[in-house]
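Observations on chain architecture
The chain contents come next:
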Amino acid sequence: MTQAVATHEAPKSFIRRYIFSTDHKVIGLQYLFLAMAAVTIGIVLSIYMRLRLAWPTERWPLLAKLFPQAMAGGTISPEFYLSLVTMHGTIMVFFVLTTAPLGGFGNYFLPIQVGAHDMAFPVLNMLSFWVTLAGFLVLLAAFFVSGGAPISGWTAYAPLSAVGEIAGPGLGMGQNLWIVSIALFCIASLLGALNFITTTLNLRTKGMSMTRLPLTVWAWFTTAVLALLAFPVLLAGGILLLLDRVAGTSFFVPAGLIVSDKILPHKGGSPLLWQHLFWFFGHPEVYIAILPGMGITSHVLSTFARKPIFGYRAMVAAIFAIGLLGFLVWGHHMFVSGMSPYSAIAFSLLTLSIGVPSAIKTFNWLATLYKAQIRFTVPMLFALGFVSIFVTGGLSGIILGQTSLDIPMHDTYFVVAHFHLIMGVAAIFGIFAGTYYWFPKMFGRMMNDALGKLHFWLTFIGIYAIFIPMHILGIAGHPRRYAETAGFDFLAPLQPIHVFITIAALVTAAAQVLFFFNFFWSIWKGRRAEINPWRATTLEWTIPSPPPHDNFGPQAPVVHHGPYEYSVPGAAEDYILQTAPPTAMKS
Amino acid sequence: MGFALALIIWAITLATVVLFAGRFWWFPEAISEHGPSIDRQFMLTLTIIGIAFVLAQATLGFFIIRYRRRGEERASYWHESRRLEILWTTVTAVVFLSLAVLGQRVWAKLHLNAPPPGALQVEVTAQQFVWNIRYPGPDGKFGRTRTELINDVDNPVGLDFTDPAARDDIVTVNQMAIPVNRDIHVILRSKDVIHSFWVPPLRMKQDAVPGLAINIHFKAVKTGQFEIACAELCGLSHHRMRGFLSVLPEPEFEAWLRQRASQ
Amino acid sequence: MAKTIPSLADIETITIGSRPPGRPDDGGRGGGERPPSLPEGSYRLAMLFALASIGMLFLGFTSAYIVRQGLGEDWRPFSPPSILWVNTTLLLLSSATLHRARSLLRREAIRESLRWLSLTTLLGLLFLAGQYEVWRQLTAQGIYLSTNPHSSFFYLLTAAHGAHLLGGLLALGYLTWRGWRRRLLLMGTPDHLKRYGALVGTAALYWHFMDGLWVYLFILLFLWR
């Protein structure tokens, strides 16, 4: 086993090489394909939701074929709508936004960018993927059990999630499967996180000091630390919830509940306890989703602005500040939950202070563009889109973070708009930027440029068309997770907005077909890529595309430069590879 | 490409500003005493973040056009400015934290103060898809309730009639009336799962948590008929959990209460 | 005295020894022609982070415990069954024997070290058996998982700790078995011994943490009010 590092030969059998592989690159691709499968399902579910919201009573015989059990009458029933809400949220947050940027790109590029042959613990890495996949399959199984998928939302607030089927459909076996799936996901994330941290700290190549790490590595590293500390708390909550459901304990279920005319035997539990445990995980999770996107954006912006990233140290400090503060603000999800109004004030102040490092990052990105020579490649378009969306989604947080403004805004569409932009769409833009940027390295071929640009335009405009009007719904008081507006007089006039959003969502979703087509077509038919098609500086651009099994061969690279040496005055070219000899920095 | 992107960003920014400034759909008119302060704080914040939004997007668009690639010219090797970094860090910190502090004023008034003495007490007990409203009756005291006595047909909150204080309690389903210009002290409970008491014109939202009695207080200053919505996912008919709030002049309220008591 | 094997602290300095003078933070631990870092150096680091993670799990449980205790008129703690004290002693002893095994290993007294390692494994096994006995006694008294919140937490926390300890026990058992099987190899080459020492050291880190965690849980469940 000691020799494993020295002679790093690719296993010969197909199974060991592509299925149960311990190669971080194969595992990274496995994660990416898993995320692609998950995001496809997640988008399909959101289409069903949007159709229900725009035309609540419409029959969809064709769509019913996919869910014959839940859509028996051909309509999307309110309970099925809530199942969709739950599954869409869970799939997107866990199996897309956590899986793709961290499990996918992180696995593939972190070892390469630090100059290592593989992750520190390849077997753990493989396990991490397979456990994630198991979690995903368990979650999907919830659609096919009696009662269907849970209707308690991705936050699974107790006691709704804790008292079983009698509180509503899907809260029986479906909810159990949901908990098991999340528990598996927690365990998988821990295995992955350990690898990321150890690899970053211990396997950096000669000359790769911490201050020469690309910002992507800093982001993955911080994300891994967050995952390592946040997921166990969700796991603890999940175990307690499962015990309340199946073993008759009373951690979250208070005494004397009457559900469907039955007095429940539980006593003394605290529903707020679940919320505290959930959001102690849940808020860092937001940053787990978005930090890698920030890292990729910085990386791509610098490359195509042909400028060093502005304020490298401030960027690293901001990543850390966001990560740290991320652990101290979970209470802002609970201002109106009945928790102490005094702690709400503390949480509110801490929450708005997160705006500061976030603003620093935005300013630094803008300053990176100042006096740049911008090349509008597809990854650059998505990175610029990320900045725009990050600003838009982040600023509404200044409203939600204030206790008194959260009173009218809490649990309305304003919140839905806010977190979709800042955590969902921004992260997805990061993923797209990363995909278009690294595709040549991963597959040795370029993605089609025209298709990529068309994909960007439709997605960028579509996303704004979907989510900006959602803010207005929230301001008008529309609570989230409502299957229709018909029940309330004050909601009925908002229906045209729902129709508009649905149409925008359909167009945006259709635009994603362009991406998938481009992706798979380019794998086989794309133009061959050179080693360094973007003329970028970091280590992944010094090795063949796609990289060989052991990345760097027997000779590990030696690093002499920082990660973003673009347009150095007096240098021969407008970029200096990290491995270029020290003399390349002449000025 | 740079022009197109900048134009799109600016167009989106403009559309967003028009949508927010035009107020084609907006808050319902505030009817509570604290409502206008929340609206003012909202507008203040919205104005500030609106300015930040426009500035950031406009700058982004401008840089995209101004610094698009021109021939083989090199970009400027400029990547640090201690002064700028300190400046924008300080400015954002001051602005954000001032907003955070300002945002606590209404909150403190609503939640850090006890309900004023003499406030009318109303108990709201949520259950899956129904709001049960209870008034203490002429004696001003809520009677004892017991879980075992709860019966959705004629005793939804489980009044224990062996307690004299319970006999004059008035219970209604989904119908809540309050007098205008008087402090109201609502005690929120839930029988089953978490619900949230949400009356948009009141600018009041508070979760009803099983096992807890949560106290809130407010004062309505305008009369009218309003809807009570549930704002916390509570099960399959969450979107139909509708109650009615009538804000009445004091005499009409008294009459309403008497009429309910006689039923 | 025989040449001592490098401790883990030494491994750290070996692997970062290639820093150029005058540039205190000029690089990672691998690079050049050498394979990037030694895997042994990563074990301890990864274990420390894994323990942080496990710590968070129990911190989550602890916060639930404190909140739930604060709520409870139904909180009825039982006093610790006396066998629990025996178990605690066994586990504390196992940490001591493991410490002894490690220091013997460092002095290359391999046979003696393996004896102490075997004893540690045995003590761990006895602890788990003892915990099972506690559960049996409690259920015989009619105290079940759902009887009251304190008993819920007791079963939950002992089960969670037991499961983690079982993991440590499997690791120790494996290392003991491997040690006896490759005893001669260990005596022969410093490389094998170093690697083995690093593995035992990492397992020991975990084991001591589990030991400390148990003491913490014991105090939380029975002594802390």
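The written sequence of each chain sets the order in which its residues are numbered from 1. Working convention: letters from A go to chains and numbers from 1 go to ligands, in the order in which they are written. In view of the model being predicted, local features appear only for residues whose pLDDT reaches at least 70, and side-chain atom pairs are presented and counted only at 80 or more, with totals across whole chains, interfaces and linings using the full set of residues. For side-chain calculations, the full set of non-hydrogen atoms in the structure is used, while hydrogens and water are omitted.

**Quick notes on the packing of aromatic side chains**
Threshold: What counts as a ring pair is set by centres within 6.5 Å for rings of Phe, Tyr and Trp (its six-membered ring), and what kind of pair is set by the plane angle: stacked under 30 degrees, edge-to-face over 60, tilted for all other angles. Only DSSP runs of H or I reaching four residues or more are called helices, and only runs of E reaching two or more are called strands; each is numbered from the N terminus.
If you walk through the whole model with that rule in mind, you get 95 aromatic pairs over all chains. Considering the side-chain rings of A:Phe251 and C:Phe153, the 4.8 Å spacing of their centres and the 70° angle between planes classify their relative orientation as edge-to-face. Pair noted here: A:Phe251 is in the loop between helix H8 (215-246) and strand S1 (258-259) and C:Phe153 is in helix H5 (residues 149-181), and the two residues belong to different chains. Considering the side-chain rings of A:Phe517 and A:Trp521, the 6.4 Å spacing of their centres and the 25° angle between planes classify their relative orientation as stacked. One end of the pair is A:Phe517 and the other is A:Trp521, both in helix H16 (residues 495-525) and four residues apart, which spans about a single turn.

**Considerations on the pattern of salt bridges**
All names here are of chain C. What counts is decided by this rule: The salt bridge definition used is simple: a Lys or Arg side-chain nitrogen within 4 Å of an Asp or Glu carboxyl oxygen. Accessible area is worked out with a 1.4 Å probe on protein chains only. A residue is then buried under 20% of its type maximum, exposed over 50%, and partly exposed in between.
For the structure shown, the criterion picks out 24 salt bridges over all chains. Arginine 68 is the partner of aspartate 74 in a salt bridge, and the nearest nitrogen-oxygen pair spans 3.1 Å. Each member of the pair, aspartate 74 together with arginine 68, is buried. Residues glutamate 133 and arginine 136 are paired through a salt bridge, measuring 3.2 Å at the closest nitrogen-oxygen approach.

**A word on unusual backbone geometry**
All names here are of chain A. Along the chain, alanine 158 connects to proline 159 via a cis peptide bond; the corresponding omega equals 5°. With respect to the helices and strands, the residue proline 159 is situated in the loop between helix H6 (122-141) and helix H7 (173-202). Following serine 545, the chain continues into proline 546 via a peptide bond in cis, with omega recorded as -10°. Here proline 546 lies in the segment after H16. The phi dihedral of serine 260 falls on the positive side, at around 50°, and the residue is not glycine. Mapped onto the elements of the fold, serine 260 is located in the loop between S1 and strand S2 (262-263). Positive phi outside glycine occurs at aspartate 261, with the angle close to 65°. Along the chain, aspartate 261 falls in the loop between S1 and S2.

**As for the domain arrangement of chain A**
All names here are of chain A. To be explicit about the condition: Boundary definitions for the domains trace back to an automatic or database domain assignment. Here, residues are in contact when the closest pair of their heavy atoms is within 4.5 Å. Two parts placed together each lose some accessible area under a 1.4 Å probe, and the buried area is that loss summed for both. Each polar contact in these results corresponds to two N or O atoms within 3.5 Å; when the atoms are within protein, one needs to be able to donate a hydrogen and the other to accept it, and residues that are neighboring in sequence are counted only if both atoms are side-chain atoms. We call Asp, Glu, Lys and Arg charged. Ala, Val, Leu, Ile, Met, Phe, Trp, Tyr, Cys and Pro are nonpolar, and the rest, Gly among them, are polar.
Splitting chain A by domain gives domain 1 (17-255 + 263-269), domain 2 (307-507) and domain 3 (526-587). Look at where the C-alpha atoms of domain 1 and domain 2 centre, and you get two points 20 Å apart. Taken together, the contacts link 44 residues of domain 1 with 35 residues of domain 2. Regarding the contact of domain 1 and domain 2, the summed buried area is about 3,200 Å², with carbon and sulfur atoms giving 74% of it. The three residues of domain 1 that bury the most area against domain 2 are Arg50, Phe105 and Leu215, which together make up 21% of that side's buried surface. Run the count over domain 1 and domain 2 and you get one salt bridge. The residue glutamate 484 makes a salt bridge to arginine 52 at a minimum N-O spacing of 2.6 Å. Where domain 1 packs against domain 2, one counts ten residue pairs in polar contact (both at pLDDT 80 or more). Elements with a contribution of two residues or more to the side of domain 1 that touches domain 2: helix H3 (24-54), helix H5 (78-114) and H8. Top element by residues in the side of domain 1 that touches domain 2 is H5. It accounts for 14 residues. Along the lines of polarity and charge, the residues of the side of domain 1 that touches domain 2 split into 34 nonpolar, seven polar and three charged.

**Structural notes on the interface of chain A and chain B**
Listed per partner, the contact involves 115 residues of chain A and 94 residues of chain B. Interface area, chain A with chain B, both sides summed: about 9,300 Å², of which 72% is carbon and sulfur. In this structure, the connection of chain A to chain B is made through two salt bridges. With its nearest N and O atoms 3.1 Å apart, the salt bridge here joins A:Asp489 to B:Arg242. Across the contact surface, chain A and chain B share 36 residue pairs in polar contact (both at pLDDT 80 or more). Elements supplying a minimum of two residues to the side of chain A that touches chain B: H5, S1, helix H9 (271-305), helix H11 (341-369), helix H12 (378-400), helix H13 (403-409) and helix H15 (449-475) of chain A. Looking at which element gives the most residues to the side of chain A that touches chain B, the answer is H11(A), with 17 residues. Partitioning the side of chain A that touches chain B into residue classes produces 76 nonpolar, 24 polar and 15 charged.

**Concerning the packing of H3(A) against H6(A)**
Residues and elements named next belong to chain A. Basically, it comes down to this: Axes, fitted as lines to C-alpha atoms, cover a helix only where it is in contact. Angles between the N-to-C directions of the axes lie from 0 to 180 degrees. In this scheme, roughly parallel covers angles under 35 degrees and roughly antiparallel covers those over 145, while 65 to 115 is roughly perpendicular and the rest are oblique. Left-handed describes a crossing whose near helix is turned anticlockwise from the far helix through less than a right angle; right-handed describes the clockwise counterpart.
Remark: H3 packs on H6, axes separated minimally by 10 Å, with the N-to-C direction vectors making an angle of 15°. Overall, the two elements H3 and H6 adopt an arrangement that is roughly parallel. Here the hand of the crossing between H3 and H6 comes out left-handed. Where H3 abuts H6, its residues His24, Ile27, Gln30, Tyr31, Leu34, Ala38 and Ile41 lie against Pro122, Asn125, Met126, Ser128, Phe129, Trp130, Thr132, Leu133, Phe136 and Leu140.

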